[in-house]
Amino acid sequence: MNPESHTHGEVAGAGHHHVTTEQHGHGHAHDHGQHGEAADGPPDPRRWLILTLLCMAQFMLIVDVTVVNVALPTIGAELSLGASSLTWVVTAYTLFFGSLLLLGGRIGDLVGRRRMFLVGLALFTASSLVSGLAESGGVLIGARALQGVAAAVMSPAAMALVMTVFQGPERNRALGVWAAIGGTGAAFGVLIGGVLASGPGWEWIFFVNVPIGLVVLLAVPALLKEQAVATHGHGHEHGHGHGHGEAPSGIDLPGALTMTATPALLIYGLVRARDHGFGDQSAWLPLLGAVVGAVLFVLAERSAAAPLVRLPFLARPSMVGGSLLMLAASGVLISAFFLCSFYLQHVLEFSALRTGLMFLPVALATTMGAHLASQAVARLGWRVTAASGMVLATAGALLLTGLEREGNAWTQLLPGFLLLAFGLGTGFVCAITSAMHGVEHADAGLGSGLVNTCHELGASLGIAVVAAVAGSSLEGGAAPSVDGFDGAFLACAAISAVAAVVGLTLLPKGKPDPSAGPIMAH
(Lines give C-alpha, C1' and ligand atoms only; values in the text may rest on other atoms or scores of the structure.)
Protein backbone atom coordinates (compact mmCIF):
# COMPACT_ATOMS: atom_id res chain seq x y z
CA MET A 1 0.00 0.00 0.00
CA ASN A 2 0.93 3.60 -0.30
CA PRO A 3 2.84 4.80 2.74
CA GLU A 4 0.49 7.64 3.47
CA SER A 5 -1.73 8.48 6.36
CA HIS A 6 -5.34 9.13 7.02
CA THR A 7 -5.99 12.71 7.96
CA HIS A 8 -8.38 14.38 10.31
CA GLY A 9 -7.33 17.70 8.84
CA GLU A 10 -6.17 19.69 11.83
CA VAL A 11 -5.48 23.29 10.95
CA ALA A 12 -2.08 24.46 12.05
CA GLY A 13 0.22 27.32 11.45
CA ALA A 14 3.74 27.02 10.12
CA GLY A 15 4.34 24.63 12.93
CA HIS A 16 6.90 21.97 13.71
CA HIS A 17 5.89 18.37 13.31
CA HIS A 18 7.68 15.12 13.53
CA VAL A 19 7.28 12.46 10.85
CA THR A 20 7.97 8.78 11.24
CA THR A 21 8.13 6.58 8.16
CA GLU A 22 7.16 2.96 8.64
CA GLN A 23 8.84 1.68 5.53
CA HIS A 24 11.52 -0.53 7.03
CA GLY A 25 10.52 -0.25 10.60
CA HIS A 26 13.03 2.52 11.09
CA GLY A 27 13.92 5.87 9.68
CA HIS A 28 13.10 9.26 10.98
CA ALA A 29 12.43 12.64 9.42
CA HIS A 30 12.07 16.00 11.04
CA ASP A 31 9.95 18.07 8.70
CA HIS A 32 9.37 21.76 9.03
CA GLY A 33 7.88 22.55 5.70
CA GLN A 34 5.48 19.84 4.60
CA HIS A 35 1.83 19.11 4.98
CA GLY A 36 1.02 17.93 8.45
CA GLU A 37 -1.11 14.89 8.85
CA ALA A 38 -2.91 13.68 11.88
CA ALA A 39 -1.62 10.65 13.70
CA ASP A 40 -2.94 7.29 12.67
CA GLY A 41 -6.33 6.83 14.24
CA PRO A 42 -9.86 5.63 13.54
CA PRO A 43 -11.06 6.25 9.99
CA ASP A 44 -13.12 9.37 9.43
CA PRO A 45 -16.76 8.16 9.54
CA ARG A 46 -17.58 10.68 6.79
CA ARG A 47 -14.87 9.46 4.41
CA TRP A 48 -17.26 7.86 1.89
CA LEU A 49 -19.34 11.03 1.78
CA ILE A 50 -16.14 13.00 1.17
CA LEU A 51 -15.22 10.57 -1.63
CA THR A 52 -18.68 10.99 -3.17
CA LEU A 53 -18.30 14.77 -3.25
CA LEU A 54 -14.78 14.63 -4.70
CA CYS A 55 -15.94 12.13 -7.34
CA MET A 56 -18.86 14.40 -8.26
CA ALA A 57 -16.36 17.17 -8.97
CA GLN A 58 -14.07 14.87 -10.97
CA PHE A 59 -17.07 13.53 -12.89
CA MET A 60 -17.86 17.06 -14.09
CA LEU A 61 -14.31 17.51 -15.37
CA ILE A 62 -14.23 14.23 -17.29
CA VAL A 63 -17.75 14.69 -18.67
CA ASP A 64 -16.72 18.06 -20.05
CA VAL A 65 -14.08 16.39 -22.25
CA THR A 66 -16.75 14.61 -24.34
CA VAL A 67 -20.05 16.33 -23.54
CA VAL A 68 -19.53 19.03 -26.16
CA ASN A 69 -18.82 16.64 -29.07
CA VAL A 70 -22.39 15.64 -29.92
CA ALA A 71 -23.61 19.24 -29.43
CA LEU A 72 -21.03 20.81 -31.77
CA PRO A 73 -23.32 20.99 -34.84
CA THR A 74 -25.96 22.84 -32.81
CA ILE A 75 -23.39 25.18 -31.23
CA GLY A 76 -21.89 25.93 -34.64
CA ALA A 77 -25.28 26.76 -36.13
CA GLU A 78 -26.43 29.02 -33.27
CA LEU A 79 -23.14 30.90 -32.81
CA SER A 80 -22.23 30.95 -36.53
CA LEU A 81 -18.93 29.13 -35.99
CA GLY A 82 -16.93 27.51 -38.79
CA ALA A 83 -15.26 24.10 -38.56
CA SER A 84 -11.92 25.45 -37.29
CA SER A 85 -13.56 27.57 -34.58
CA LEU A 86 -15.72 24.64 -33.49
CA THR A 87 -12.58 22.54 -33.04
CA TRP A 88 -11.34 25.09 -30.51
CA VAL A 89 -14.49 24.73 -28.41
CA VAL A 90 -13.15 21.25 -27.61
CA THR A 91 -9.42 21.93 -27.91
CA ALA A 92 -9.33 25.00 -25.63
CA TYR A 93 -10.50 22.82 -22.72
CA THR A 94 -8.25 19.81 -23.32
CA LEU A 95 -5.19 21.97 -24.10
CA PHE A 96 -5.27 23.93 -20.83
CA PHE A 97 -6.47 20.96 -18.78
CA GLY A 98 -3.72 18.66 -20.01
CA SER A 99 -0.86 21.15 -20.02
CA LEU A 100 -1.37 22.54 -16.51
CA LEU A 101 -2.08 19.32 -14.59
CA LEU A 102 1.51 18.71 -13.48
CA LEU A 103 1.98 22.27 -12.32
CA GLY A 104 -1.47 22.33 -10.73
CA GLY A 105 -0.72 19.14 -8.81
CA ARG A 106 2.62 20.43 -7.54
CA ILE A 107 1.13 23.79 -6.47
CA GLY A 108 -1.47 21.84 -4.49
CA ASP A 109 1.34 19.93 -2.75
CA LEU A 110 3.03 23.20 -1.77
CA VAL A 111 0.14 25.49 -0.80
CA GLY A 112 -2.60 23.05 0.24
CA ARG A 113 -4.79 20.56 -1.64
CA ARG A 114 -8.09 21.59 -0.07
CA ARG A 115 -7.39 25.23 -0.84
CA MET A 116 -6.48 24.54 -4.47
CA PHE A 117 -9.44 22.18 -4.90
CA LEU A 118 -11.87 24.88 -3.76
CA VAL A 119 -10.21 27.58 -5.89
CA GLY A 120 -10.36 25.33 -8.95
CA LEU A 121 -13.96 24.31 -8.27
CA ALA A 122 -15.11 27.91 -7.86
CA LEU A 123 -13.41 28.91 -11.14
CA PHE A 124 -14.80 25.85 -12.95
CA THR A 125 -18.34 26.58 -11.76
CA ALA A 126 -18.12 30.25 -12.76
CA SER A 127 -16.61 29.48 -16.19
CA SER A 128 -19.32 26.85 -16.80
CA LEU A 129 -21.94 29.55 -16.20
CA VAL A 130 -20.15 31.91 -18.62
CA SER A 131 -19.93 29.11 -21.23
CA GLY A 132 -23.67 28.57 -21.07
CA LEU A 133 -24.40 32.29 -21.33
CA ALA A 134 -21.95 32.84 -24.21
CA GLU A 135 -23.45 34.54 -27.25
CA SER A 136 -20.31 34.49 -29.38
CA GLY A 137 -17.67 31.95 -30.29
CA GLY A 138 -14.87 34.01 -28.72
CA VAL A 139 -16.57 34.14 -25.32
CA LEU A 140 -17.36 30.41 -25.40
CA ILE A 141 -13.81 29.43 -26.36
CA GLY A 142 -12.35 31.75 -23.68
CA ALA A 143 -14.67 30.29 -21.04
CA ARG A 144 -13.73 26.76 -22.11
CA ALA A 145 -10.05 27.65 -21.68
CA LEU A 146 -10.81 28.89 -18.14
CA GLN A 147 -12.64 25.62 -17.46
CA GLY A 148 -9.46 23.80 -18.49
CA VAL A 149 -7.29 25.89 -16.16
CA ALA A 150 -9.72 25.27 -13.29
CA ALA A 151 -9.85 21.53 -14.00
CA ALA A 152 -6.04 21.31 -13.98
CA VAL A 153 -5.94 22.89 -10.52
CA MET A 154 -8.87 20.92 -9.11
CA SER A 155 -8.36 17.37 -10.39
CA PRO A 156 -4.93 16.49 -8.91
CA ALA A 157 -5.86 18.18 -5.64
CA ALA A 158 -9.03 16.09 -5.40
CA MET A 159 -7.19 12.82 -6.05
CA ALA A 160 -4.52 13.74 -3.50
CA LEU A 161 -7.29 14.37 -0.95
CA VAL A 162 -8.65 10.88 -1.65
CA MET A 163 -5.16 9.54 -0.90
CA THR A 164 -5.09 11.25 2.50
CA VAL A 165 -8.66 10.46 3.63
CA PHE A 166 -8.33 6.70 3.04
CA GLN A 167 -5.72 4.26 4.29
CA GLY A 168 -5.09 0.52 4.30
CA PRO A 169 -7.09 -1.72 1.94
CA GLU A 170 -9.80 0.96 1.69
CA ARG A 171 -7.46 3.23 -0.27
CA ASN A 172 -7.37 0.86 -3.24
CA ARG A 173 -11.16 0.58 -3.12
CA ALA A 174 -11.47 4.37 -3.09
CA LEU A 175 -8.97 4.71 -5.95
CA GLY A 176 -10.94 2.06 -7.83
CA VAL A 177 -14.06 4.22 -7.56
CA TRP A 178 -11.99 7.22 -8.66
CA ALA A 179 -10.62 5.29 -11.64
CA ALA A 180 -14.13 4.29 -12.73
CA ILE A 181 -15.01 7.98 -12.98
CA GLY A 182 -12.34 8.39 -15.66
CA GLY A 183 -14.03 5.91 -17.98
CA THR A 184 -17.70 6.32 -17.14
CA GLY A 185 -17.47 10.13 -17.12
CA ALA A 186 -16.36 10.15 -20.75
CA ALA A 187 -19.18 7.77 -21.75
CA PHE A 188 -21.80 9.68 -19.78
CA GLY A 189 -20.52 12.87 -21.40
CA VAL A 190 -21.72 11.59 -24.78
CA LEU A 191 -25.05 10.53 -23.24
CA ILE A 192 -25.61 13.80 -21.35
CA GLY A 193 -24.57 15.85 -24.35
CA GLY A 194 -27.06 14.02 -26.55
CA VAL A 195 -29.94 14.32 -24.07
CA LEU A 196 -29.40 18.02 -23.29
CA ALA A 197 -28.59 19.14 -26.83
CA SER A 198 -31.74 17.39 -28.08
CA GLY A 199 -33.86 18.76 -25.23
CA PRO A 200 -33.42 22.08 -23.41
CA GLY A 201 -30.51 23.20 -25.58
CA TRP A 202 -26.72 23.08 -25.79
CA GLU A 203 -26.34 25.75 -23.08
CA TRP A 204 -27.47 23.21 -20.50
CA ILE A 205 -24.44 21.01 -21.03
CA PHE A 206 -22.64 23.81 -19.16
CA PHE A 207 -25.43 25.04 -16.87
CA VAL A 208 -25.77 21.55 -15.34
CA ASN A 209 -22.32 21.99 -13.78
CA VAL A 210 -23.37 25.03 -11.75
CA PRO A 211 -25.66 23.44 -9.10
CA ILE A 212 -23.30 20.45 -8.75
CA GLY A 213 -20.34 22.79 -8.29
CA LEU A 214 -22.15 24.88 -5.70
CA VAL A 215 -23.18 21.82 -3.66
CA VAL A 216 -19.61 20.48 -3.55
CA LEU A 217 -18.23 23.97 -2.92
CA LEU A 218 -20.43 24.35 0.17
CA ALA A 219 -20.09 20.80 1.51
CA VAL A 220 -16.34 20.11 1.21
CA PRO A 221 -15.16 22.93 3.57
CA ALA A 222 -17.52 21.60 6.24
CA LEU A 223 -16.12 18.06 5.95
CA LEU A 224 -12.43 18.65 5.27
CA LYS A 225 -10.06 21.00 7.02
CA GLU A 226 -6.86 22.25 5.40
CA GLN A 227 -3.68 20.45 6.34
CA ALA A 228 -0.80 22.42 7.72
CA VAL A 229 1.39 24.08 5.12
CA ALA A 230 4.57 26.00 5.76
CA THR A 231 5.93 28.45 3.24
CA HIS A 232 9.53 27.41 3.75
CA GLY A 233 11.31 24.45 5.14
CA HIS A 234 14.58 22.89 6.05
CA GLY A 235 13.56 19.32 6.53
CA HIS A 236 16.00 16.50 6.56
CA GLU A 237 15.32 12.82 6.24
CA HIS A 238 16.80 9.57 7.30
CA GLY A 239 15.79 6.21 6.08
CA HIS A 240 14.15 4.89 3.01
CA GLY A 241 11.69 6.40 0.67
CA HIS A 242 10.97 9.05 -1.82
CA GLY A 243 10.68 11.67 0.81
CA HIS A 244 10.01 15.16 -0.24
CA GLY A 245 13.14 16.52 1.30
CA GLU A 246 13.32 20.26 1.42
CA ALA A 247 10.35 22.39 0.57
CA PRO A 248 11.23 24.91 -2.08
CA SER A 249 12.02 28.32 -0.65
CA GLY A 250 12.02 30.06 -4.05
CA ILE A 251 10.24 29.69 -7.34
CA ASP A 252 11.64 27.20 -9.83
CA LEU A 253 10.58 29.31 -12.80
CA PRO A 254 12.40 27.31 -15.53
CA GLY A 255 10.88 24.11 -14.18
CA ALA A 256 7.39 25.62 -14.03
CA LEU A 257 7.61 27.00 -17.58
CA THR A 258 8.97 23.82 -19.17
CA MET A 259 6.57 21.65 -17.13
CA THR A 260 3.69 23.62 -18.66
CA ALA A 261 5.01 24.23 -22.18
CA THR A 262 5.97 20.61 -22.91
CA PRO A 263 2.50 19.01 -22.55
CA ALA A 264 0.90 22.11 -24.11
CA LEU A 265 3.02 21.75 -27.27
CA LEU A 266 2.45 17.99 -27.32
CA ILE A 267 -1.35 18.28 -27.07
CA TYR A 268 -1.47 21.13 -29.60
CA GLY A 269 0.68 19.18 -32.04
CA LEU A 270 -1.56 16.12 -31.66
CA VAL A 271 -4.68 18.22 -32.26
CA ARG A 272 -3.15 19.61 -35.45
CA ALA A 273 -2.11 16.08 -36.48
CA ARG A 274 -5.69 14.93 -35.99
CA ASP A 275 -6.95 17.65 -38.34
CA HIS A 276 -4.14 17.83 -40.90
CA GLY A 277 -2.01 14.69 -40.48
CA PHE A 278 1.38 14.18 -38.84
CA GLY A 279 3.23 15.34 -41.96
CA ASP A 280 1.80 18.85 -41.77
CA GLN A 281 4.20 21.51 -40.49
CA SER A 282 1.63 22.80 -38.01
CA ALA A 283 1.68 19.32 -36.39
CA TRP A 284 5.31 18.25 -36.39
CA LEU A 285 6.78 21.61 -35.34
CA PRO A 286 4.87 21.67 -32.00
CA LEU A 287 5.66 17.98 -31.48
CA LEU A 288 9.35 18.71 -32.04
CA GLY A 289 9.03 21.63 -29.64
CA ALA A 290 7.57 19.26 -27.03
CA VAL A 291 10.65 17.01 -27.31
CA VAL A 292 12.92 20.04 -26.85
CA GLY A 293 10.76 21.18 -23.92
CA ALA A 294 11.08 17.79 -22.23
CA VAL A 295 14.88 17.91 -22.52
CA LEU A 296 14.95 21.47 -21.13
CA PHE A 297 12.67 20.39 -18.27
CA VAL A 298 15.07 17.60 -17.26
CA LEU A 299 18.05 19.97 -17.44
CA ALA A 300 16.19 22.64 -15.44
CA GLU A 301 15.22 20.22 -12.66
CA ARG A 302 18.71 18.73 -12.49
CA SER A 303 20.32 22.13 -12.01
CA ALA A 304 17.66 23.78 -9.79
CA ALA A 305 18.58 24.31 -6.14
CA ALA A 306 14.99 23.60 -5.11
CA PRO A 307 13.35 21.77 -8.07
CA LEU A 308 9.59 21.62 -8.41
CA VAL A 309 9.93 17.95 -9.36
CA ARG A 310 12.57 15.50 -8.22
CA LEU A 311 13.37 13.45 -11.32
CA PRO A 312 13.84 10.14 -9.43
CA PHE A 313 10.17 10.42 -8.42
CA LEU A 314 9.08 10.43 -12.07
CA ALA A 315 11.37 7.49 -12.85
CA ARG A 316 9.92 5.13 -10.21
CA PRO A 317 9.01 1.85 -12.00
CA SER A 318 5.47 1.75 -10.61
CA MET A 319 4.87 5.37 -11.71
CA VAL A 320 6.28 4.69 -15.20
CA GLY A 321 4.23 1.50 -15.62
CA GLY A 322 1.02 3.00 -14.28
CA SER A 323 1.41 6.15 -16.39
CA LEU A 324 2.05 4.18 -19.60
CA LEU A 325 -0.97 1.98 -18.88
CA MET A 326 -3.11 5.10 -18.31
CA LEU A 327 -1.80 6.60 -21.57
CA ALA A 328 -2.83 3.47 -23.50
CA ALA A 329 -6.17 2.85 -21.75
CA SER A 330 -7.29 6.46 -22.11
CA GLY A 331 -6.11 6.62 -25.72
CA VAL A 332 -8.01 3.50 -26.73
CA LEU A 333 -11.19 4.38 -24.81
CA ILE A 334 -11.52 7.96 -26.07
CA SER A 335 -10.58 6.82 -29.60
CA ALA A 336 -13.30 4.17 -29.46
CA PHE A 337 -15.80 6.77 -28.27
CA PHE A 338 -14.76 9.05 -31.13
CA LEU A 339 -14.99 6.32 -33.76
CA CYS A 340 -18.23 4.77 -32.51
CA SER A 341 -19.90 8.16 -32.08
CA PHE A 342 -18.90 9.12 -35.64
CA TYR A 343 -20.10 5.78 -37.01
CA LEU A 344 -23.47 6.05 -35.27
CA GLN A 345 -24.13 9.68 -36.24
CA HIS A 346 -22.60 9.94 -39.71
CA VAL A 347 -22.86 6.41 -41.11
CA LEU A 348 -25.99 5.02 -39.43
CA GLU A 349 -27.43 8.56 -39.11
CA PHE A 350 -28.43 8.28 -35.46
CA SER A 351 -29.64 11.43 -33.73
CA ALA A 352 -27.55 12.99 -30.93
CA LEU A 353 -29.99 11.59 -28.35
CA ARG A 354 -30.03 8.08 -29.82
CA THR A 355 -26.21 8.11 -30.04
CA GLY A 356 -25.97 9.18 -26.41
CA LEU A 357 -28.30 6.41 -25.27
CA MET A 358 -26.09 3.81 -27.02
CA PHE A 359 -23.30 4.88 -24.68
CA LEU A 360 -25.28 4.11 -21.50
CA PRO A 361 -24.50 0.34 -21.46
CA VAL A 362 -20.88 1.21 -22.35
CA ALA A 363 -20.63 3.43 -19.27
CA LEU A 364 -22.06 0.62 -17.14
CA ALA A 365 -19.56 -1.87 -18.60
CA THR A 366 -16.66 0.47 -17.75
CA THR A 367 -17.98 0.83 -14.19
CA MET A 368 -18.33 -2.94 -13.81
CA GLY A 369 -14.79 -3.51 -15.09
CA ALA A 370 -13.41 -0.96 -12.66
CA HIS A 371 -15.38 -2.40 -9.74
CA LEU A 372 -14.22 -5.97 -10.35
CA ALA A 373 -10.65 -4.82 -10.96
CA SER A 374 -10.40 -3.13 -7.57
CA GLN A 375 -11.22 -6.52 -6.00
CA ALA A 376 -9.06 -8.53 -8.40
CA VAL A 377 -5.97 -6.39 -7.72
CA ALA A 378 -6.20 -7.29 -4.02
CA ARG A 379 -6.49 -11.03 -4.82
CA LEU A 380 -4.43 -11.51 -8.00
CA GLY A 381 -2.07 -8.53 -8.03
CA TRP A 382 -1.60 -5.73 -10.53
CA ARG A 383 0.14 -7.61 -13.33
CA VAL A 384 -2.40 -10.41 -13.86
CA THR A 385 -5.38 -8.05 -13.47
CA ALA A 386 -4.02 -5.41 -15.86
CA ALA A 387 -2.95 -7.92 -18.51
CA SER A 388 -6.31 -9.70 -18.36
CA GLY A 389 -8.21 -6.44 -18.75
CA MET A 390 -6.14 -5.27 -21.71
CA VAL A 391 -6.46 -8.66 -23.43
CA LEU A 392 -10.25 -8.29 -23.17
CA ALA A 393 -9.94 -4.77 -24.59
CA THR A 394 -7.89 -6.17 -27.48
CA ALA A 395 -10.59 -8.75 -28.21
CA GLY A 396 -13.28 -6.06 -28.07
CA ALA A 397 -11.38 -3.84 -30.52
CA LEU A 398 -10.95 -6.78 -32.92
CA LEU A 399 -14.71 -7.44 -32.80
CA LEU A 400 -15.27 -3.84 -33.90
CA THR A 401 -13.28 -4.29 -37.12
CA GLY A 402 -16.28 -5.69 -39.01
CA LEU A 403 -18.54 -2.61 -39.09
CA GLU A 404 -20.66 -2.27 -42.24
CA ARG A 405 -22.21 0.65 -44.12
CA GLU A 406 -25.76 -0.62 -43.41
CA GLY A 407 -24.79 -2.32 -40.16
CA ASN A 408 -26.81 -3.06 -37.03
CA ALA A 409 -25.54 -1.12 -34.04
CA TRP A 410 -26.90 -3.61 -31.51
CA THR A 411 -25.34 -6.74 -33.02
CA GLN A 412 -22.23 -5.41 -34.79
CA LEU A 413 -21.08 -2.46 -32.68
CA LEU A 414 -22.31 -2.95 -29.12
CA PRO A 415 -20.82 -6.41 -28.22
CA GLY A 416 -17.26 -5.41 -29.07
CA PHE A 417 -17.74 -1.93 -27.59
CA LEU A 418 -18.93 -3.43 -24.27
CA LEU A 419 -16.01 -5.87 -24.09
CA LEU A 420 -13.56 -3.08 -24.89
CA ALA A 421 -15.05 -0.79 -22.25
CA PHE A 422 -15.06 -3.53 -19.59
CA GLY A 423 -11.39 -4.32 -20.20
CA LEU A 424 -10.38 -0.67 -20.18
CA GLY A 425 -12.27 -0.05 -16.93
CA THR A 426 -9.94 -2.69 -15.46
CA GLY A 427 -6.96 -0.92 -17.00
CA PHE A 428 -7.89 2.43 -15.44
CA VAL A 429 -7.96 0.95 -11.92
CA CYS A 430 -4.63 -0.85 -12.35
CA ALA A 431 -3.03 2.29 -13.81
CA ILE A 432 -4.07 4.61 -10.98
CA THR A 433 -3.52 2.25 -8.05
CA SER A 434 -0.11 1.08 -9.29
CA ALA A 435 1.12 4.57 -10.19
CA MET A 436 0.15 5.93 -6.77
CA HIS A 437 1.55 2.88 -4.93
CA GLY A 438 4.24 4.07 -2.53
CA VAL A 439 3.69 7.77 -3.26
CA GLU A 440 4.21 9.74 -0.07
CA HIS A 441 1.95 12.50 1.11
CA ALA A 442 4.23 15.34 0.02
CA ASP A 443 4.15 14.11 -3.60
CA ALA A 444 0.51 12.99 -3.87
CA GLY A 445 -0.54 16.03 -5.91
CA LEU A 446 2.35 15.68 -8.33
CA GLY A 447 1.71 11.94 -8.75
CA SER A 448 -1.97 12.60 -9.36
CA GLY A 449 -1.09 15.34 -11.84
CA LEU A 450 1.17 12.99 -13.79
CA VAL A 451 -1.44 10.23 -14.02
CA ASN A 452 -4.13 12.72 -15.07
CA THR A 453 -1.78 14.26 -17.64
CA CYS A 454 -1.34 10.81 -19.17
CA HIS A 455 -5.14 10.50 -19.28
CA GLU A 456 -5.40 13.73 -21.30
CA LEU A 457 -2.35 13.01 -23.47
CA GLY A 458 -3.65 9.52 -24.18
CA ALA A 459 -6.98 10.94 -25.37
CA SER A 460 -5.28 13.44 -27.70
CA LEU A 461 -2.74 10.92 -28.99
CA GLY A 462 -5.32 8.19 -29.54
CA ILE A 463 -7.67 10.40 -31.55
CA ALA A 464 -4.78 11.76 -33.64
CA VAL A 465 -3.62 8.22 -34.46
CA VAL A 466 -7.04 6.79 -35.34
CA ALA A 467 -7.94 9.92 -37.36
CA ALA A 468 -4.76 9.42 -39.39
CA VAL A 469 -5.52 5.70 -39.87
CA ALA A 470 -9.25 6.07 -40.61
CA GLY A 471 -8.59 8.86 -43.11
CA SER A 472 -11.41 9.49 -45.57
CA SER A 473 -13.90 7.47 -43.51
CA LEU A 474 -14.07 10.41 -41.08
CA GLU A 475 -14.81 13.01 -43.75
CA GLY A 476 -18.53 12.30 -43.79
CA GLY A 477 -20.39 13.09 -46.98
CA ALA A 478 -23.48 11.62 -48.56
CA ALA A 479 -22.18 8.03 -48.48
CA PRO A 480 -19.22 7.87 -46.08
CA SER A 481 -16.85 4.93 -46.44
CA VAL A 482 -16.42 2.50 -43.57
CA ASP A 483 -13.16 0.98 -44.79
CA GLY A 484 -11.02 3.16 -42.53
CA PHE A 485 -12.79 2.00 -39.38
CA ASP A 486 -11.24 -1.48 -39.68
CA GLY A 487 -7.72 -0.06 -39.66
CA ALA A 488 -8.54 2.34 -36.81
CA PHE A 489 -9.91 -0.42 -34.58
CA LEU A 490 -6.94 -2.64 -35.51
CA ALA A 491 -4.73 0.17 -34.21
CA CYS A 492 -6.76 0.21 -30.97
CA ALA A 493 -6.31 -3.56 -30.68
CA ALA A 494 -2.55 -3.25 -31.21
CA ILE A 495 -2.24 -0.51 -28.56
CA SER A 496 -4.28 -2.63 -26.12
CA ALA A 497 -2.06 -5.65 -26.76
CA VAL A 498 1.09 -3.61 -26.10
CA ALA A 499 -0.55 -2.28 -22.92
CA ALA A 500 -1.15 -5.89 -21.78
CA VAL A 501 2.59 -6.51 -22.09
CA VAL A 502 3.29 -3.27 -20.18
CA GLY A 503 0.96 -4.51 -17.44
CA LEU A 504 2.77 -7.84 -17.19
CA THR A 505 6.26 -6.34 -17.10
CA LEU A 506 6.24 -2.82 -15.63
CA LEU A 507 3.54 -2.82 -12.95
CA PRO A 508 4.55 -3.77 -9.39
CA LYS A 509 4.89 -7.48 -8.69
CA GLY A 510 2.58 -9.09 -6.19
CA LYS A 511 -0.44 -7.56 -4.51
CA PRO A 512 -0.98 -4.39 -2.47
CA ASP A 513 0.17 -4.86 1.11
CA PRO A 514 -2.81 -4.10 3.38
CA SER A 515 -0.51 -3.87 6.41
CA ALA A 516 1.77 -1.19 4.91
CA GLY A 517 2.07 1.58 7.44
CA PRO A 518 1.19 5.15 6.66
CA ILE A 519 3.34 8.19 7.29
CA MET A 520 2.31 9.57 10.65
CA ALA A 521 2.85 13.03 12.01
CA HIS A 522 2.53 14.23 15.56
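Look up a bit, the structure's there.
Worth saying up front: this structure is predicted, and the values here are computed from it rather than measured.

What counts and what doesn't
- Residues numbered from 1 in each chain as written.
- Predicted model: local features only at pLDDT ≥ 70, side-chain atom pairs only at ≥ 80, totals over all residues.
- Heavy atoms only, no water.
- Core = buried A, V, L, I, M, F, W, Y, C linked by side-chain atoms within 4.5 Å.
- Buried < 20%, exposed > 50% of the residue type's maximum accessible area, 1.4 Å probe, protein only.
- Helix = DSSP H or I, 4+ residues; strand = E, 2+ residues; numbered from the N terminus.
- Contact = heavy atoms within 4.5 Å.
- Axes fitted to C-alpha atoms, helices over the stretch in contact; angles between N-to-C directions.
- Parallel < 35°, antiparallel > 145°, perpendicular 65-115°, else oblique.
- Left-handed = near helix turned anticlockwise from the far one by under 90°.
- Nonpolar A, V, L, I, M, F, W, Y, C, P; charged D, E, K, R; others polar.
- Phe/Tyr/Trp six-rings, centres within 6.5 Å; stacked < 30°, edge-to-face > 60°.
- Lys NZ or Arg CZ within 6 Å of the ring centre and 35° of its normal.
- Salt bridge = Lys/Arg side-chain N within 4 Å of Asp/Glu carboxyl O.

Caption draft 1: Representation of the nonpolar core within the structure. By size, the foremost hydrophobic cluster in this structure holds 120 residues, and its most contacted members are Phe117, Phe337, Phe417, Leu420 and Ile432. Among the elements that line this core, the one with the most residues is helix H12 (residues 317-347), at 16 residues. If we ignore the near neighbours within four places in the chain, the residues touching Phe417 are Ala336, Phe337, Cys340, Phe359, Val362 and Leu400. With 18 residues, the next largest nonpolar core counts Val67, Val68, Val90 and Leu140 among its residues.

Caption draft 2: Layout of the packing of helix H4 (residues 113-133) against helix H8 (residues 209-223). Look at H4 against H8: their axes get within 9 Å of each other, and the N-to-C directions meet at 160 degrees. It follows from the interaxial angle that H4 and H8 lie roughly antiparallel. Relative to H8, the crossing made by H4 is left-handed. Two secondary-structure elements touch here, H4 through Arg114, Phe117, Leu118, Leu121, Ala122, Phe124, Thr125, Ser128 and Leu129 and H8 through Asn209, Val210, Gly213, Leu214, Val216, Leu217, Val220 and Pro221. In terms of residue class, the contact of H4 with H8 is made up of twelve nonpolar, four polar and one charged.

Caption draft 3: The packing of aromatic side chains, seen in detail. Per the stated rule, a full pass over the model turns up eleven aromatic pairs. For the ring pair Tyr343 and Phe485, a centre distance of 5.8 Å and an interplane angle of 75 degrees mean the geometry is edge-to-face. Of the two residues, Tyr343 is situated in helix H12 and Phe485 in helix H18 (residues 483-506); the sequence distance between them amounts to 142 residues. A residue is classified by how much of its surface remains accessible, and Tyr343, at 1% relative accessible area, is buried. Both rings, one in Phe359 and one in Phe417, keep their centres 5.4 Å apart while their planes meet at 85 degrees; by these two values the pair is edge-to-face. Of this pair, Phe359 sits in the loop between helix H13 (352-358) and helix H14 (360-380) while Phe417 sits in helix H16 (residues 409-435); the two residues are 58 residues apart in sequence, bridging distant segments of the chain. Note that Arg354 overlies the ring of Phe350, its terminal NZ or CZ placed 3.8 Å from the centroid.

Caption draft 4: Seen up close, the environment of Leu61. Along the polypeptide, Leu61 turns up in helix H1 (residues 47-66). Taking the C-alpha atoms as reference points, Leu61 and Gly189, 128 residues apart in sequence, are found 9.8 Å from one another.

Caption draft 5: View of the packing of helix H3 (residues 83-111) against helix H9 (residues 253-276). Look at H3 against H9: their axes get within 8 Å of each other, and the N-to-C directions meet at 150 degrees. In this view, H3 runs roughly antiparallel relative to H9, as classed from their interaxial angle. The hand of the H3/H9 crossing is right-handed. Listed contacts from H9 to Thr87, Trp88, Thr91, Thr94, Leu95, Gly98, Ser99, Leu100, Leu102 and Leu103 of H3 are Ala256, Met259, Thr260, Pro263, Ala264, Ile267, Tyr268, Val271, Arg274 and Asp275. Here the contact of H3 with H9 is built from residues that sort into twelve nonpolar, six polar and two charged.

Caption draft 6: View of the pattern of salt bridges. The tally for this structure, following the rule as stated, stands at six salt bridges. As a salt-bridge pair, Asp109 and Arg106 come within 2.6 Å of each other at their nearest N and O atoms. Here Asp109 and its partner Arg106 are both found in helix H3, three residues apart, which amounts to about one turn of the helix. Of the two residues, Asp109 and Arg106, both sit in the buried class. Judged by relative accessible area, which is 4%, Asp109 ranks as buried. Ionic contacts of the salt-bridge type, sharing partners, join the residues Arg106, Asp109, Arg113, Arg310 and Asp443 into one network.

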